[in-house]
Amino acid sequence: MAAVSAEAKAANGAKMATTSQAYLESNPVRETTALISELCRQFYTLGWVSGTGGSITIKVHDESVPKSNQLIVMSPSGVQKERMVPEDMYVMSPTGSILCSPLSKPYPHKPPKCSDCAPLFLKAYEMRNAGAVIHSHGMESCLVTMINPLAKEFRITHMEMIKGIQGHGYYDELVVPIIENTAYERELTDSLAEAIKAYPKTTAVLVRNHGIYIWGDSWISAKTQAECYHYLFDAAIKLHQMGLDWSTPNHGPIPSSRGLLGGHQNENMSAKAGSLISNNGIVPSRRCIVLDIEGTTTPISFVTEVLFPYARENVGRHLDATYYTAETQDDIKLLRSQVENDLQQGIVGSAYIPSDDAGKEAVVAALVSNVEAMIKADRKITALKQLQGHIWRTGFQNNELKGMVFDDVPVALEKWHAMGIKVYIYSSGSRLAQRVLFGNTSYGDLRKYLSGFFDTTVGNKQETRSYAEILESLGVDKPSEVLFVTDIYQEAVAAKAAGLEVIISVRPGNGPLPEDHRFKTVNSFSEI
């Protein structure tokens, strides 16, 4: 007989303990049933669970029980959600077996029935390790899927409430998959699972003409995100009513080729032409363009002769002036970790950084020495790029720096934006550095044409998996719908291996390319 590990025994013991009658009547379970009752009353006032629709489920949080073994509490189906009491809830095992059912109530109440959403809730628990799941019938979540009946996604960017969605910031593009509705809730299970798998970063799935499923690590996370999603859907609907495009950074007028309702009058013609349809209307077969910066949008000389020297000359001043701020302390923590690793690997130029006990001056001096060596070696590491971004931000704010782009870049960005093509930046520089550069050019703030920014936190630019990670964020149907433009041959090879279309930018000052590189090249964005 095979030996059973201590961990397995402990897990099995936890399962048995949580299914005991004593545990079913314990405080953690009672508190969770009461919490669902309270939340359903609140959600009813928001219009999320009216007409007995919608539902909520929460795992019974208990520090002594592994999350995978925690019990599940679920609201019933066909019940007036605003009138529910804790005794109306179902308590289930981690696999969905019912352990405790509510008692029947006299007429006109219906016999108790577990939520029709149960199979879908269990998928979110299983595939996302969720701590709570909310199913809302909020009007906003229904209408936003109806604006374009052919849309497979909801996309929005540059809205403050995006920050309330796990893993997203103001400048990011939020992508929510849309699945088609069915006559019975349980029939949505496979479609929901496929959407969760296809969109690994999403925390929600919209159901057309129906509502939305939202999950989080805890009930607080799920509730917070649910409020943010509904806000964003409402904003999108109102922007659409005003003829404005919610999916673009500047939320400008919807291009006339789309029409106020997304250009559906042209759908038959566009379908024959093989065009793809976005969430707002018809767009070319190329849905997204990802741009490198150095040697692609911006002269290499600007980076090597302006930005790098500025960071090198001002690193000491910046660290001294901001030393005790949380931001700089985070920069120092990253640098310490990087330098420790460099010393172990024998990297030339790396020098020991003393502890804080040595005093601010000694620490700053050591940091400056390491940073100067990193800049000289042009190292593409997060610790350096994050600090450089903070130094450059100060330079742009003080008008000591002005972002530089090639003359053809603003024209192309405006053209692509008008065509409904999403444009992103992928650079070894930090996302902050990218934003301040494009936000402070001699052509003005170009960020209104950009849908998002990627840096080396998604991976090295010469590794194929980095581009695969970016594709997951963009949520395109096929990698070939994304064009990547760079001046570096190795980056082009990596992106091509991930399935992206690739063009190499040939600009003054760029390095030579292999004679047999076989990539299309352009000297200007006007050629794209």
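Residues numbered from 1 in each chain as written. Predicted model: local features only at pLDDT ≥ 70, side-chain atom pairs only at ≥ 80, totals over all residues. Heavy atoms only, no water.

1. Some thoughts on the UniProt feature "binding site: substrate 2" (unreviewed entry) in the protein
Thinking step 1. Those residues carrying the UniProt feature "binding site: substrate 2" (unreviewed entry) are Ser-427, Ser-428 and Lys-461 in this numbering. With the annotated positions falling across 35 residues, the maximum pairwise C-alpha distance of 7.8 Å places them together in a single cluster.
Thinking step 2. Structurally, Ser-428 is set in the loop between β13 (422-426) and α14 (431-439).
Thinking step 3. Contact partners of Ser-428, with chain neighbours within four places excluded, come to Lys-380, Lys-385, Thr-456 and Lys-461.
Thinking step 4. Inspection of the secondary structure assignment puts Lys-461 in the loop between β14 (452-454) and α15 (464-474).
Thinking step 5. With relative accessibility at 6%, the residue Lys-461 sits in the buried group.
Thinking step 6. A distance of 3.1 Å separates a polar side-chain atom of Lys-461 from the backbone oxygen of Tyr-426. (UniProt positions renumbered as here; feature names shortened; annotations may be inferred. Helix = DSSP H or I, 4+ residues; strand = E, 2+ residues; numbered from the N terminus. Contact = heavy atoms within 4.5 Å. Buried < 20%, exposed > 50% of the residue type's maximum accessible area, 1.4 Å probe, protein only. Polar contact = N/O pair within 3.5 Å; in protein donor to acceptor, adjacent residues only side chain to side chain.)

2. Side note on the side chain of Ser-350
Thinking step 1. Its location among the elements puts Ser-350 in the loop between α10 (326-345) and α11 (360-376).
Thinking step 2. Reaching out from Ser-350, the side chain makes a polar contact with the backbone oxygen of Ile-347 at a distance of 2.7 Å.
Thinking step 3. Setting aside residues up to four positions removed in sequence, Ser-350 forms contacts with Asp-342, Leu-343 and Asn-370.

3. Focus on the domain arrangement of the protein
Thinking step 1. As far as domains go, the protein holds domain 1 (21-242), domain 2 (288-295 + 403-527) and domain 3 (300-398).
Thinking step 2. For domain 1 and domain 2, the distance between their C-alpha centroids amounts to 37 Å.
Thinking step 3. With eleven residues of domain 1 at the interface, the matching set in domain 2 holds 15 residues.
Thinking step 4. When domain 1 packs against domain 2, close to 1,100 Å² is buried across both sides, 42% of that on carbon and sulfur atoms.
Thinking step 5. By the criterion of area lost to domain 2, the three top residues of domain 1 are Tyr-171, Glu-173 and Lys-201, representing 49% of everything that side buries.
Thinking step 6. At the junction of domain 1 and domain 2, the tally comes to three salt bridges.
Thinking step 7. Arg-431 is the salt-bridge partner of Asp-172, the closest N and O atoms lying 2.8 Å from each other. (Domains from an automatic or database assignment. Buried area = accessible area lost by both parts, 1.4 Å probe. Salt bridge = Lys/Arg side-chain N within 4 Å of Asp/Glu carboxyl O.)

4. A closer look at the packing of α10 against α11
Thinking step 1. Two elements in contact, α10 and α11, have axes separated by 11 Å at closest approach and are oriented at 65°. When you trace α10 past α11, the crossing you get is left-handed. Touching Ile-332, Leu-335, Arg-336, Gln-338, Val-339 and Asp-342 of α10 are Val-363, Leu-367, Asn-370, Val-371 and Met-374, all from α11.
Thinking step 2. Residue composition of the contact of α10 with α11, grouped by class: seven nonpolar, two polar and two charged. (Axes fitted to C-alpha atoms, helices over the stretch in contact; angles between N-to-C directions. Left-handed = near helix turned anticlockwise from the far one by under 90°. Nonpolar A, V, L, I, M, F, W, Y, C, P; charged D, E, K, R; others polar.)

5. A short note on the sheet that holds strand β2 (residues 72-74)
Thinking step 1. The strand order across the open sheet built from nine strands is β4-β3-β2-β1-β5-β9-β8-β7-β6, with neighbouring strands paired in mixed fashion. Looking at the sheet topology across the chains shown, the edges are occupied by β4 (98-100) and β6 (153-157). In this sheet, neighbouring strand axes are inclined to one another by 25° on average, regardless of whether the strands run parallel or antiparallel.
Thinking step 2. Pairing of strand β8 (residues 204-207) with strand β9 (residues 211-216) involves four bridges; the strand directions are antiparallel. Bridge pairing links Ala-204 to Ile-214 in β9.
Thinking step 3. On top of the sheet, helix α6 (residues 189-198) reaches β7 (173-179), β8 and β9; it is set at about 155° to β7, its chief contact. (Pairing = 2+ DSSP bridges.)

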